[in-house]
Amino acid sequence: MRTVDHRGHKRTYPLDGIRVLDLSTQVPGPYCSMLLADLGAEVIRIENIHNGDQTRLLPYLFNALNRNKKSIALNLKTKEAGEIFCKMSKEADVILEGFRPGVCKKLGIDYDTIKAINHRIIFCSISGYGQDGPYRDLPGHDINYLGYAGILSLEGDLNHYSNIQPLPLADLAGSMFAAVSILAALMNRSKTGTGQSIDVSMTDAAFSLAGASLIAGLQGQKGSELLNIPHYGIFKTKDGKHLTLGIVHEDHFWKNLCSVMDMGEMADLDLWSRIVRKEEIAAALRHAFITRDLHEWIALLHRADVPCGPVYNIEESYSDPQMTYRQSVFELNHPPEGKVKFRAFPARFSESLTRKDLPPPAPGMHTSEILRRLGYTEMEIAGMIEGKIVG
């Protein structure tokens, strides 16, 4: 698809012409396919004819993961629906699935089967532990993968770790690595002419991220006593709001902070000295921050070049001036919910577009459209709907 921007330049979507069949549910697969859809790929969700995606029970979550997609409902346990999927696969570039290992083979839609139909297909599987190995058949969720990856050990007191975390880190890491891998496979296909299978383990993805942990780095250098840096955290302000302070090891940021907080006698302390005196410093910061309102502190600290910011709730984050300037939020009409806010694809391209036009689909919303494109007649479609092959 081409459009003309305000400068008169013709612009296209980076993945225009790429078709993705998405068999996944929950978070990992749908977030990955949404990124591809934002980049212009035609993403067709293959939903269970009986109950669709489980996240439809949580409309806010479903909407956040499924814009710019189409939906067809298939009963893949029937031979006829399997044949429909195989027909769709002939014209597809990517298949994304998040079943337990072996399920696609049982359904007759595994990589080897599809490859015989379309040798250019890129078949990406996202699972908890991967398609092989001693754990491949185990059930799991985000917290399990984080535990195996060593990330939960960085939380401190595990006896109090019982709440669901605000972000499913392993799930999203799997999403991102899947998206990067699919793009790499598409690039490789442009050179070789053939597709391939991709095996993404959410545990492996989380394990990879753990290497970038500052806490792990500190543990490796000095030991666990260094984990509580006194000037990196959340502090309450006079008006009952909260401020984030983001100084880690940088001495210049620490000196800037001391100049604002009237703590000049501590300005020359190096990181290790500050950690030794962490309780004293943390108490001084808490006492200081409670004396002014949040907006006052942010203005003062920004002028002094200190990393800080507010703790927004979700609604507040939508209206932040930086988000508004970057056009990071947009609205779409979503019957029956009315106008719904969405977070835009988080990168900007100088010569390409990202999509912001299709609200999340109702279950099977595009079934008839897709079947007609495959050559089925209206009578055949009606018969399949009546026979609960499609929905």
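Scroll up to find the structure this text is about.
So, a few notes on the structure that sits alongside this text. Remember, it's a predicted structure, so these values are computed and weren't measured experimentally. (Residues numbered from 1 in each chain as written. Predicted model: local features only at pLDDT ≥ 70, side-chain atom pairs only at ≥ 80, totals over all residues. Heavy atoms only, no water.)

1. Here we look at the packing of helix H10 (residues 251-261) against helix H13 (residues 294-303)
Axis separation between H10 and H13 bottoms out at 9 Å; the angle between their running directions is 130°. The orientation of H10 relative to H13 falls into the category oblique. Classified by chirality, the crossing of H13 by H10 is right-handed. Contacts between H10 and H13 involve Leu257, Val260 and Met261 from the first element and Trp297, Leu300 and Leu301 from the second. Partitioned by chemical class, the residues of the contact of H10 with H13 number six nonpolar, no polar and no charged. (Axes fitted to C-alpha atoms, helices over the stretch in contact; angles between N-to-C directions. Helix = DSSP H or I, 4+ residues; strand = E, 2+ residues; numbered from the N terminus. Parallel < 35°, antiparallel > 145°, perpendicular 65-115°, else oblique. Left-handed = near helix turned anticlockwise from the far one by under 90°. Contact = heavy atoms within 4.5 Å. Nonpolar A, V, L, I, M, F, W, Y, C, P; charged D, E, K, R; others polar.)

2. Description of the nonpolar core
Membership of the largest hydrophobic core comes to 33 residues, with the highest contact counts inside it found for Cys124 and Ile182. Among the elements of the structure, helix H1 (28-38), strand E6 (94-97), strand E7 (122-127), helix H6 (142-149), helix H7 (169-192), strand E8 (196-201) and helix H8 (202-210) are those that each provide at least two residues to this core. Apart from residues no more than four positions distant in its own chain, Ile182 is found in contact with Cys32, Leu36, Val94, Leu96, Ile122, Cys124 and Ile198. Within the second largest apolar cluster, 28 residues are counted, among which are Cys86, Ala92, Leu371 and Tyr376. (Core = buried A, V, L, I, M, F, W, Y, C linked by side-chain atoms within 4.5 Å. Buried < 20%, exposed > 50% of the residue type's maximum accessible area, 1.4 Å probe, protein only.)

3. Things to note about the pattern of salt bridges
Evaluated as defined, the whole model comprises 17 salt bridges. Arg136 is paired through a salt bridge with Asp137; the nearest N and O atoms lie 3.1 Å apart. Across the pair Arg355 and Asp357 runs a salt bridge, and its minimum N-O distance is 3.0 Å. Residue class for Arg355 comes out buried when judged on its relative accessible area of 12%. Judged by its relative accessible area of 35%, Asp357 is partly exposed. Members of the salt-bridge network, linked through shared partners, are Arg19, Glu42, Lys70, Glu91, Glu369 and Arg373. (Salt bridge = Lys/Arg side-chain N within 4 Å of Asp/Glu carboxyl O.)

4. Brief notes about the environment of Ser24
Mapping Ser24 onto the fold places it in the loop between strand E3 (19-22) and H1. Residue classification places Ser24 among the buried residues on the basis of a relative accessible area of 2%. In the structure, Ser24 is positioned 12 residues away from Leu36 in sequence and 14 Å away in space, judged by C-alpha atoms. Only 2.5 Å separates the side chain of Ser24 from the side chain of Asp22, close enough to count as a polar contact. (Polar contact = N/O pair within 3.5 Å; in protein donor to acceptor, adjacent residues only side chain to side chain.)

5. Observations concerning the sheet that holds E6
Hydrogen bonds between backbone groups are what pair the strands of a sheet, and the pairing can be parallel or antiparallel. Strands sit in the order E5-E4-E3-E6-E7-E8 across an open sheet of six strands; the sheet is parallel. Each of the sheet's edge strands pairs with one partner strand only, and the pair in question is strand E5 (69-74) and E8. Between one strand axis and the next, the sheet turns by 20° as a mean value, whatever way the strands run. Bridge analysis of E3 against strand E4 (residues 42-48) gives four bridges, and the strand direction is parallel. (Pairing = 2+ DSSP bridges.)

6. Remarks on empty space enclosed by the protein
Evaluation of the coordinates by the stated rule reveals one cavity of 30 Å³ or more. Arg19, Ile44, Met88, Glu91, Ile370, Arg373 and Leu374 together form the lining of the largest cavity. Each residue belonging to the lining of the largest cavity can be placed in one class, and the counts come to four nonpolar, no polar and three charged. (1 Å grid on protein atoms, 1.4 Å probe; cavity = no way out; pocket = protein on both sides within 12 Å on 5 of 7 lines; lining within 4 Å. Points joined across faces, edges and corners; volume = space filled by probe spheres on them.)

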